[in-house]
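For reference, the chains in residue letters:
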There are 2 protein chains.
Amino acid sequence: MCGGVGSRFWPYSREDCPKQFIDFLGTGRSLLQMSYDRILSVVPKENIVVVTNGKYASLIKEQLPDLLPHNILLEPARRNTAPCIAWAAYHIHALDPEASMIVTPSDHLITGEALFAESVTKGFEFVESRDALLTLGIRPVRPETGYGYIQIDKEVAPGIRSVKTFTEKPNLELAKVFLETGEFFWNAGIFIWRTKTIIEALRKYDPDVTGILDRGLDLFGTPEETAFIDANFASCPANSIDYAVMEKADNVYVETVSFGWNDLGTWSALFDNSPKNKDGNVAQNCHVLTYDCTGNIFAIKPDKLVVASGLKDYIIADTGDVLLICPKAQEQAIKLMVNDARVAFGEKYL
Amino acid sequence: MCGGVGSRFWPYSREDCPKQFIDFLGTGRSLLQMSYDRILSVVPKENIVVVTNGKYASLIKEQLPDLLPHNILLEPARRNTAPCIAWAAYHIHALDPEASMIVTPSDHLITGEALFAESVTKGFEFVESRDALLTLGIRPVRPETGYGYIQIDKEVAPGIRSVKTFTEKPNLELAKVFLETGEFFWNAGIFIWRTKTIIEALRKYDPDVTGILDRGLDLFGTPEETAFIDANFASCPANSIDYAVMEKADNVYVETVSFGWNDLGTWSALFDNSPKNKDGNVAQNCHVLTYDCTGNIFAIKPDKLVVASGLKDYIIADTGDVLLICPKAQEQAIKLMVNDARVAFGEKYL
């Protein structure tokens, strides 16, 4: 899944080049490319499908030159994860009704690629022998308030559990309890299932979407698929797969995994996952001279010098045409700031 | 005088293009150009001489295309104001031994040009009839701690006084007393005198400089002047005209004037002299969206958008290759930061 706009990372993440296409960690590979590399260790190239927004087709081709062109599914509109996953499932199912699939965001950070591959392989083995909707639960390493959690229930296979509850983002107190009990795992939004299992669940729990897709059932996997999607996809109600299916279905399981994971959903998350200099600041790709500064993240275009004094726990992001200076504690407001920028200046700075 | 480097305004003021060459107030004219326009109302074009550092010759020609090329004096080294003024005086004196001259910085802000012209004309009339070193004293409008003051004594002509003392920059308490007494005026560094009067004073109080210049006395005003200066000027000890002459001579007078004046010596001074938006911030040439921000000055390249949250009384200056974020209260440290930048990165960001 590669169609998000990443507005919480504005101004780095832009309409024309969202977060997943950026070399966010200064590794030389964008988050999308890192995701592709990671998946390639468990899924053959010709079976990797990218679902994205129509406007990113050329970026995808540029960043993933090895990806087969017909494996890029271009959404005509953003409808959140449920319609996105539904389309991908219908598409793959049409090509192979016995297929199983892994669904993964393209803008997360995962460390420990071998452990990831091993976990995914085990997940595939689990779902291939039963009608299971498997989600990966990351063993939490801190009382994170920015993530949803999955409460585990009985073990049904080694490392795989049934699910007691999905929970919303907890407050800090509750997150600490979650961490202590050992029963709660981070919901990473990575899913493994057979196409027929998820399509059946979607028909049951998200019939508005499948009602639309089923009208073109014979067209998936044919040259008519694109035209059908272009004409009908936007009619699908936007919904997340968690709300639409995972929190309702009774055949949901969680594989508890321990590879390093971060959704890089916020500047603070990026700060937490980046090496700090001796003053406790993070400098992304830039020269920084700081005085009486700590806990800041500086994300500036390479080769620019930043001299800062008297800043504590700020985000300083400079993309050349936009400079954002915002306390990390206010980062939830960035989406609102982006909207204000739209109201004041149109699309220019988005 | 147009040779300063303006490091207190870094990163806007740069080695290659210091403060006086910048359109600092967004008027479309640089401070130098504004100074030239102002002087042109009292001094004919062919009598306007610019003394600057050798490296700024092309900038001067570009910004002042009407200035006569032989009226640009290029210092081979920076030696503060005393040697600079001494050279200019020797140069003009050689062309006309009866000349009077006004000396003015090129990087100050003056409002009320008509009052300025009137004051200067009156000053010329005063010095043309006596051996007087006349300085302009600006009637203070606030208890400014960033300026030197001149204490007035007896009136010797309408609006012109003898000088009791020159004072250093006062603390706030003292500055308030200065303001209340009405006896203290800001030392603007603008001087009016006959060339023979200042040369005589320099020979008496700054003989190290005149000793050097007198060795080439016959060369001023001739084609040999430049070579002589290139060979000898750097030997002059650096000193300000205030220390070298004004604080020592007994024929010093002050013309008390009331035109609007600011030396624009600091970001705070620029802030104080710029219109504020409704939140009490100053935005120079840029689009600014602020949240919980007040008392800041944003000096950013045109067309850039700045989104700032939670900043109070900061300087935010962005020149494209350098971003400075510094509390206004820390602006005296900017010179040190520039030096740190030099140590860390060489001349690149200076």
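Check the entry above for the structure.
Residues numbered from 1 in each chain as written. Chains lettered and ligands numbered in written order. Predicted model: local features only at pLDDT ≥ 70, side-chain atom pairs only at ≥ 80, totals over all residues. Heavy atoms only, no water.

**Student:** Outline empty space enclosed by the protein, listing residues and values.
**Tutor:** All names here are of chain A. All told, the structure shown has one cavity of 30 Å³ or more when counted by the stated rule. Of the pockets and cavities examined, the largest cavity occupies roughly 50 Å³. Taken together, Y12, I22, D23, F24, W267, L270, Q284, N285 and A299 make up the full set of residues lining the largest cavity. (1 Å grid on protein atoms, 1.4 Å probe; cavity = no way out; pocket = protein on both sides within 12 Å on 5 of 7 lines; lining within 4 Å. Points joined across faces, edges and corners; volume = space filled by probe spheres on them.)

**Student:** Any chance you could break down unusual backbone geometry for me, citing the residues and the numbers?
**Tutor:** Omega for the bond connecting W10(A) with P11(A) falls within 30 degrees of zero, at 5°, which places this linkage in the cis form. Of note, P11(A) is situated in the segment before α1 (31-39). Phi at D313(A) is positive, roughly 60°, even though this residue is not glycine. Secondary-structure assignment places D313(A) in the loop between β14 (305-309) and β15 (314-318). Residue D313(A) is classed as partly exposed on the basis of its relative accessible area of 30%. Of note in this structure, N80(B) is not a glycine but carries a positive phi near 65°. On the secondary structure map, N80(B) appears in the loop between β2 (72-75) and α3 (81-95). On the accessibility criterion, N80(B) (44% relative accessible area) is partly exposed. (Helix = DSSP H or I, 4+ residues; strand = E, 2+ residues; numbered from the N terminus. Buried < 20%, exposed > 50% of the residue type's maximum accessible area, 1.4 Å probe, protein only.)

**Student:** Lay out the relation of the copies chain A and chain B in plain terms, naming residues and giving numbers.
**Tutor:** For the pair chain A and chain B, the best superposition has an RMSD of 0.1 Å and corresponds to a rotation of 180° with a translation of 0.1 Å parallel to the axis. One copy is carried onto the other by what is essentially a two-fold rotation axis. The position closest to the rotation axis in chain A is occupied by the C-alpha of G320(A), lying 3.4 Å away. Interface overlap between copies is the fraction of interface residues in one copy that are interface residues in the other; for chain A against chain B it reaches 100%, indicating a shared surface. (Least-squares fit on C-alpha atoms with pLDDT ≥ 70 in both. Contact = heavy atoms within 4.5 Å.)

**Student:** Report on the pattern of salt bridges, specifying residues and quantitative values.
**Tutor:** For the structure shown, the criterion picks out 28 salt bridges over all chains. Where D303(A) meets K348(B), a salt bridge forms, and the shortest distance between an N and an O atom there is 2.6 Å. Of this pair, D303(A) sits in the loop between β13 (297-300) and β14 while K348(B) is found in the segment after α11 (334-345), placing the two residues in two different chains. According to the relative accessible area criterion, D303(A) is partly exposed, its value standing at 45%. What makes K348(B) partly exposed here is its relative accessible area of 45%. Note that D313(A) and K312(A) form a salt bridge whose closest N and O atoms lie 3.2 Å from each other. One network of salt bridges, in which partners are shared, links K304(A), D318(A), K304(B) and D318(B). (Salt bridge = Lys/Arg side-chain N within 4 Å of Asp/Glu carboxyl O.)

**Student:** Tell me about the packing of aromatic side chains, and name the residues and values.
**Tutor:** Two numbers describe a pair of aromatic rings. These are the distance of the centres and the angle of the planes. Residue and element names in this part refer to chain B. With the rule as written, the count across this model stands at 30 aromatic pairs over all chains. Ring centres of F116 and F259 lie 5.3 Å apart, and the angle between their planes is 70°; on these two criteria the pair is classed as edge-to-face. Within this pair, whereas F116 is found in helix α4 (residues 113-128), its partner F259 is found in the loop between β9 (252-257) and β10 (260-262), the two being separated by 143 residues in sequence. Accessibility assignment for this pair places F116 and F259 in one class, buried. Here the aromatic rings of Y149 and F178 are separated by 4.9 Å at their centres, their planes lie at 65°, and the arrangement is edge-to-face. Separated by 29 residues along the polypeptide, Y149 in strand β6 (residues 149-157) and F178 in helix α5 (residues 172-181) bring together distant segments of the chain. (Phe/Tyr/Trp six-rings, centres within 6.5 Å; stacked < 30°, edge-to-face > 60°.)

**Student:** Provide a residue-level description of the sheet that holds strand β14 (residues 305-309) of chain B, including the pertinent values.
**Tutor:** An order of β11(A)-β13(A)-β15(A)-β16(A)-β14(B)-β12(B) is seen for the six strands of this open sheet, with the pairing classed as mixed. If you trace the sheet from one side to the other, it starts and ends with β11 (282-284) of chain A together with β12 (287-291) of chain B, each paired once. Averaged over all neighbouring strand pairs, the angle between strand axes comes to 5°, with direction disregarded. Taken together, the five bridges between β15(A) and strand β16 (residues 322-327) of chain A define a ladder with antiparallel strand orientation. Within β16(A), the residue paired with Y314(A) across the bridge is P327(A). Seen against the sheet, helix α11 (residues 334-345) of chain A touches β15 and β16 of chain A together with β12 and β14 of chain B and runs at an angle of roughly 145° to β12(B). (Pairing = 2+ DSSP bridges. Axes fitted to C-alpha atoms, helices over the stretch in contact; angles between N-to-C directions.)

**Student:** Report on the interface of chain A and chain B, specifying residues and quantitative values.
**Tutor:** Opposite the 33 residues of chain A that make contact, chain B presents 33 residues. A combined buried area of about 2700 Å² lies between chain A and chain B, and 62% of that area is made up of carbon and sulfur atoms. It is L305(A), L323(A) and I325(A) in chain A that bury the most area against chain B; as a group they hold 23% of the surface buried on that side. Here chain A is connected to chain B by four salt bridges. K304(B) is the partner of D318(A) in a salt bridge, and the nearest nitrogen-oxygen pair spans 2.7 Å. Taken together, the connections running from chain A to chain B amount to 22 residue pairs in polar contact (both at pLDDT 80 or more). Breaking the side of chain A that touches chain B down by element, the ones donating at least two residues are β12 (287-291), β14, β15, β16 and α11 of chain A. In terms of residue count, the dominant contributor to the side of chain A that touches chain B is β16(A) (six residues). Partitioning the side of chain A that touches chain B into residue classes produces 22 nonpolar, five polar and six charged. Pairing of β16(A) with β14(B) involves four bridges; the strand directions are parallel. (Buried area = accessible area lost by both parts, 1.4 Å probe. Polar contact = N/O pair within 3.5 Å; in protein donor to acceptor, adjacent residues only side chain to side chain. Nonpolar A, V, L, I, M, F, W, Y, C, P; charged D, E, K, R; others polar.)

**Student:** Would you mind going over the packing of helix α6 (residues 195-205) of chain A against helix α7 (residues 207-214) of chain A in detail, with residue names and values included?
**Tutor:** Residues and elements named next belong to chain A. Contact geometry of α6 with α7 gives a least axis separation of 6 Å together with a crossing angle of 115°. For the pair α6 and α7, contact is made by I199, L202, R203, K204 and Y205 and by P207, T210 and D214, respectively. Looking at side-chain class alone, the contact of α6 with α7 contains four nonpolar, one polar and three charged residues.

**Student:** An account of the sheet that holds β14(A) is requested, with residue identities and associated values reported.
**Tutor:** The strand order across the open sheet formed by six strands is β12(A)-β14(A)-β16(B)-β15(B)-β13(B)-β11(B), and the pairing between neighbours is mixed. The open sheet terminates on both sides in strands that have one partner only, identified here as β12 of chain A together with β11 (282-284) of chain B. On average, each strand axis in the sheet is tilted by 5° relative to the strand beside it, whichever way the strands run. Contacts between α11(B) and the sheet are confined to β12 and β14 of chain A together with β15 (314-318) and β16 (322-327) of chain B, with β12(A) contributing the most and set at about 145° to the helix.

**Student:** Break down the environment of N296(B) for me, with residues and values.
**Tutor:** All names here are of chain B. Tracing the sequence through the fold places N296 in the loop between β12 and β13 (297-300). Given a relative accessible area of 0%, N296 falls into the buried group. Between the C-alpha atom of N296 and that of L324, which follows or precedes it by 28 residues, the distance is 13 Å. In this view, N296 contacts F271, G280, N281, V282, L311, K312, D313, Y314 and I316; residues no more than four positions away in its chain are not counted.

**Student:** So what's going on with the environment of R161(A)? Residues and values would help.
**Tutor:** Residues and elements named next belong to chain A. With respect to the helices and strands, the residue R161 is situated in strand β7 (residues 160-167). Residue class for R161 comes out partly exposed when judged on its relative accessible area of 26%. When the C-alpha positions of R161 and T81 are compared, they lie 24 Å apart, and in sequence the two are 80 residues distant. What R161 contacts, discounting residues up to four positions off in sequence, is I152, D153, K154, E155, V156, Y253, V254 and T256. Separated by 3.2 Å, the side chain of R161 and the backbone oxygen of D153 make a polar contact.

**Student:** I'd like to hear about the environment of Q33(A), residue by residue, with values.
**Tutor:** Residue and element names in this part refer to chain A. For Q33, the location among the structural elements is in helix α1. For Q33, a relative accessible area of 11% puts it in the buried group. As for Q33 and K328, which are separated by 295 residues in sequence, their C-alpha atoms are 27 Å apart. Not counting chain neighbours up to four residues away, the residues in contact with Q33 comprise G28, Q63 and L64.

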